[in-house]
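Chain by chain, the residues:
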Amino acid sequence: MTGYNSKGDVATGNGNHKNSAKGQANGKKTAEYADRESDAMCSRDCCAGKSGSPNKSGNACAENKQSDGNPVVVPTPQSLLNSDNRIQCYLTPEEFRALRVMNEDTYPYEVIQEIADFIVKGSGMRPKIGIICGTGLGSLADLIQDAKVFEYEKIPNFPVSTVEGHAGKLVVGTLEGVNVMAMQGRFHFYEGYPLAKCSMPVRVMKLCGVEYLFATNAAGGINPKFAVGDIMLMHDHVNMLGFAGNSPLQGPNDPRFGPRFPALVNSYNRDLINKAIEIGKAMGIESNIHVGVYSCLGGPTYETIAELKALRMMGVDAVGMSTVHEVITARHCDMKVFAFSLITNKCSIEYSDKKDDEANHEEVMAVAKIRQKACCELVSRLIADIQKTM
Ligand SMILES: O=P(O)(O)O[C@@H]1C[C@H](O)[C@@H](CO)O1
């Protein structure tokens, strides 16, 4: 369908134009896109331009021209216009939500507050500790007692998990007598989510009442002393996405979350690292516990040898595709942070033809499965320790 409303905007069902599916009616719910009109349809200029001239997305609108070069203009049926003469479209609540979440790059305080209220009301508790489960480490959330489970799809304005090893559930309950909430599944940059969206749940945690963030991840060991299955307690990071000009705090700063220019030295709580080292000794796994520097790359590719060499020269001990932006967001809103990497594979920095030297997600998940018990014990003992100080 090609047409215009009385404002002179042109709408079209042609695939070269934005959101052509939005106008499909199914009669269940009306949603008006008046405030997003420029996004929802091509402008008149776009389709009335010279034949073959590119529209906003770089595609030519030639199919909307008559042979004399004049645009084909078909009046919009009155039945599609609302009282403001704007085109209305019909979406199910699910479609509307999916569109909203898809289009949302930054989340205003009020939206985060709404999500937090939904979780606090639905669980009947205010968690003190927030846990983010890394790839294959979802069993950390299985430790939680009296659990109330929220599927991400059912949480208003929440993105969905798309990666194997990330279930896409938020679990709220108690662990060692402390109210906690755990994300069984995180959001990664490579899934197509902007960093602010990847770490938006950390702000939700904050507004739920969380004071401590426990972030976990699966990572490749670059430090040659690390073995597969070891645990590296993060004491610092190198923000490679930040080097490339990307930050979860990009855009206007809302001081209700934190300052415009937060400092990141001492981001990783020293007391919690020391406590975890002690716990590692008590568990008899001290030789498998290291303290080191993590770096997050954008993924989803694993690193080249040259990249690994560069990271090693920069002092990086383990490399992954997450956590850093979550830690930045947590520090921005003054949460205490404890984070660790489970070393799921060794990153060889020598050129080799051997297939075994190549990282792969199956191996990452398999190692996480084998080591999840040790990771669970470390986390629950550390929470038990925090509980004593509360
Ligand atoms: O979510 P994390 O950082 O634990 O997951 C790592 C990075 C990639 O998502 C995946 C690669 O195997 O594991």
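Residues numbered from 1 in each chain as written. Predicted model: local features only at pLDDT ≥ 70, side-chain atom pairs only at ≥ 80, totals over all residues. Heavy atoms only, no water.

Here's the deal with the site of the ligand
Line of reasoning, step 1. The environment of the ligand is formed by 13 residues, the closest being Thr135, His188, Tyr190, Tyr302 and Ser322.
Line of reasoning, step 2. Side-chain polar atom of histidine 188 to an oxygen atom of the ligand: 2.7 Å apart, as the coordinates give it.
Line of reasoning, step 3. Here alanine 218 contributes a backbone N or O atom positioned 2.9 Å from an oxygen atom of the ligand.
Line of reasoning, step 4. In isolation the ligand offers 340 Å² of accessible surface; the protein chains occlude 96% of this area.
Line of reasoning, step 5. Of all the secondary structure elements, the ones that give two or more residues to the shell around the ligand are strand S9 (212-221) and helix H12 (361-389).
Line of reasoning, step 6. Class assignment for the residues of the shell around the ligand results in five nonpolar, seven polar and one charged. (Near = heavy atom within 4 Å. Polar contact = N/O pair within 3.5 Å; in protein donor to acceptor, adjacent residues only side chain to side chain. Areas by Shrake-Rupley, 256 points an atom, 1.4 Å probe, with all protein chains shown as cover. Helix = DSSP H or I, 4+ residues; strand = E, 2+ residues; numbered from the N terminus. Nonpolar A, V, L, I, M, F, W, Y, C, P; charged D, E, K, R; others polar.)

Some words on the nonpolar core
Line of reasoning, step 1. Counting residues in hydrophobic clusters, the biggest one holds 86 residues, and the most contacted among them are Ile131 and Phe214.
Line of reasoning, step 2. No other element matches the nine residues that H12 contributes to this core.
Line of reasoning, step 3. Not counting residues within four places of it along the chain, the set of residues in contact with isoleucine 131 comprises Leu140, Leu175, Met181, Ala182, Met183, Met205, Phe214, Val379 and Ile383.
Line of reasoning, step 4. With nine residues, the next largest nonpolar core counts Ile222, Val238, Leu308 and Cys347 among its residues. (Core = buried A, V, L, I, M, F, W, Y, C linked by side-chain atoms within 4.5 Å. Buried < 20%, exposed > 50% of the residue type's maximum accessible area, 1.4 Å probe, protein only. Contact = heavy atoms within 4.5 Å.)

Observations concerning the pairing of S9
The side chains of a regular strand alternate, residue by residue, between the two faces of the sheet.
Line of reasoning, step 1. Burial of S9 is extensive: ten of the ten residues sit out of reach of the surface.
Line of reasoning, step 2. Here four bridges tie strand S5 (residues 129-132) to S9, and the two strands are oriented parallel to one another. Directly across from glycine 130, in S9, lies its bridge partner leucine 213.
Line of reasoning, step 3. Where S9 meets strand S13 (residues 336-346), ten bridges bridge the pair, whose relative direction is parallel. From the neighbouring strand, glycine 220 faces S13, where its bridge partner is asparagine 345.
Line of reasoning, step 4. Bridge analysis of S9 against strand S12 (residues 318-320) gives two bridges, and the strand direction is antiparallel. (Pairing = 2+ DSSP bridges.)

Points about unusual backbone geometry
Line of reasoning, step 1. That bond from glycine 299 to proline 300 is cis: its omega, -5°, falls within 30 degrees of zero.
Line of reasoning, step 2. Of note, proline 300 is situated in the loop between strand S11 (289-296) and helix H10 (305-313).
Line of reasoning, step 3. Of note, the phi angle at glutamate 176 is positive, near 50°, even though the residue is not glycine.
Line of reasoning, step 4. Structurally, glutamate 176 is set in the loop between strand S7 (169-175) and strand S8 (178-184).
Line of reasoning, step 5. Classification of glutamate 176 by relative accessible area gives partly exposed; the value is 44%.
Line of reasoning, step 6. Phi is positive for aspartate 334, close to 65°, though the residue is something other than glycine.
Line of reasoning, step 7. Within the fold, aspartate 334 resides in the loop between helix H11 (324-332) and S13.

A closer look at the packing of aromatic side chains
Line of reasoning, step 1. Applying the stated criterion across every chain yields a total of eight aromatic pairs.
Line of reasoning, step 2. Aromatic side chains phenylalanine 158 and phenylalanine 187 sit 5.8 Å apart centroid to centroid with 70° between the ring planes, which places their arrangement in the edge-to-face category. Taken as a pair, phenylalanine 158 in the loop between strand S6 (145-151) and S7 and phenylalanine 187 in the loop between S8 and helix H6 (195-198) lie far apart in primary sequence, 29 residues in all. Of the two residues examined, phenylalanine 158 and phenylalanine 187, each falls in the buried class.
Line of reasoning, step 3. Here the aromatic residues Tyr152, Phe158, Phe187 and Tyr193 are joined through ring pairs into a cluster of three or more.
Line of reasoning, step 4. The positively charged end of lysine 148 is found above the aromatic ring belonging to phenylalanine 150, 5.8 Å away from the centroid.
Line of reasoning, step 5. A cation sits over an aromatic face here: arginine 256 above tyrosine 109, 4.2 Å from the ring centre. (Phe/Tyr/Trp six-rings, centres within 6.5 Å; stacked < 30°, edge-to-face > 60°. Lys NZ or Arg CZ within 6 Å of the ring centre and 35° of its normal.)

Concerning the UniProt feature "domain: Nucleoside phosphorylase" (unreviewed entry) in the protein
Line of reasoning, step 1. On the UniProt side, "domain: Nucleoside phosphorylase" (unreviewed entry) is annotated at positions that read residues 128-384 here.
Line of reasoning, step 2. Between the end C-alpha atoms of residues 128-384 there is a gap of 13 Å, over a span that is 30% helix and 26% strand. (UniProt positions renumbered as here; feature names shortened; annotations may be inferred.)

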